[in-house]
Amino acid sequence: MAQEPSAAQKMIGDVAPKLTDLTDTVLFGDIWERPGLSHRDRSLVTVTTLVALYRNDQLPFHLRFALHNGLTAEELVEAITHLAFYAGWPNAMGAIGALKTVLAETGETPS
């Protein structure tokens, strides 16, 4: 049976096969699978880094992934609120907007 294409394959596989391969095998196949941090912790680190660096193009994927990896909507809101004071208000406002969209898509809500 054929394997479902990865997120990278769906997004960029047709134009950047090597970048797709590196994303699948090195980033998600090696780095994300290292035993030193849980997937949940890696997601929190990744989301906070993307917020701090205002990398909103990658943020929705990683917010969904963070929810999948066990972070709650409340924890993501709290992390973004905390980052407003360390990474800047515009970064936090953009991230909250992205999270609001992701939560609407997934049907999750902060309590």
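Coordinates for the structure precede this section.
Keep in mind that what you see is a predicted model, and the values were worked out from it rather than measured.

Cut-offs and rules
- Residues numbered from 1 in each chain as written.
- Predicted model: local features only at pLDDT ≥ 70, side-chain atom pairs only at ≥ 80, totals over all residues.
- Heavy atoms only, no water.
- Helix = DSSP H or I, 4+ residues; strand = E, 2+ residues; numbered from the N terminus.
- Axes fitted to C-alpha atoms, helices over the stretch in contact; angles between N-to-C directions.
- Parallel < 35°, antiparallel > 145°, perpendicular 65-115°, else oblique.
- Left-handed = near helix turned anticlockwise from the far one by under 90°.
- Contact = heavy atoms within 4.5 Å.
- Nonpolar A, V, L, I, M, F, W, Y, C, P; charged D, E, K, R; others polar.
- 1 Å grid on protein atoms, 1.4 Å probe; cavity = no way out; pocket = protein on both sides within 12 Å on 5 of 7 lines; lining within 4 Å.
- Points joined across faces, edges and corners; volume = space filled by probe spheres on them.
- Phe/Tyr/Trp six-rings, centres within 6.5 Å; stacked < 30°, edge-to-face > 60°.
- Buried < 20%, exposed > 50% of the residue type's maximum accessible area, 1.4 Å probe, protein only.

A word on the environment of T106
Mapped onto the elements of the fold, T106 is located in helix α6 (residues 89–106). Placed 39 residues apart in sequence, T106 and L67 show a C-alpha to C-alpha distance of 9.3 Å.

A word on the packing of helix α3 (residues 39–52) against helix α4 (residues 59–68)
Two numbers describe how α3 lies on α4: the axes approach to 9 Å, and their chain directions differ by 155°. With respect to each other, α3 and α4 are oriented roughly antiparallel. Considering the relative orientation of α3 and α4, their crossing is left-handed. Here S43, T46, V47, L50 and V51 of α3 come into contact with α4, specifically with L59, H62, L63, F65 and A66. Classifying every residue of the contact of α3 with α4 gives 7 nonpolar, 3 polar and no charged.

Side note on the layout of surface pockets
Looking at the largest pocket, its volume works out to about 510 Å³. In terms of lining, the largest pocket is formed by 21 residues, of which the most central are T23, L27, F28, F61 and H62.

Some points on the packing of aromatic side chains
Tallied over the full model, the rule gives 6 aromatic pairs. Taking the centre distance of 6.2 Å and the plane angle of 75° together, the rings of F28 and F61 count as edge-to-face. Remark: F61 occurs in helix α4 and F28 occurs in the loop between α2 (17–27) and α3; sequence separation between them is 33 residues. Residue classification places F28 among the partly exposed positions, given a relative accessible area of 23%. Seen in terms of ring centroids, F61 and F65 are 5.7 Å apart; in terms of plane orientation they differ by 25°. Their pairing is stacked. Residue F61 and its partner F65 are both found in helix α4; the two are separated by 4 residues, about one turn of the helix. Taken together, the aromatic side chains of F28, W32, F61 and F65 make up a single cluster linked through ring pairs.

Focus on the environment of F65
On a C-alpha basis, the gap between F65 and L44 in space is 9.9 Å, while along the polypeptide they are 21 residues apart. Once you skip the residues sitting within four places of it in the chain, F65 turns out to touch F28, W32 and S43.

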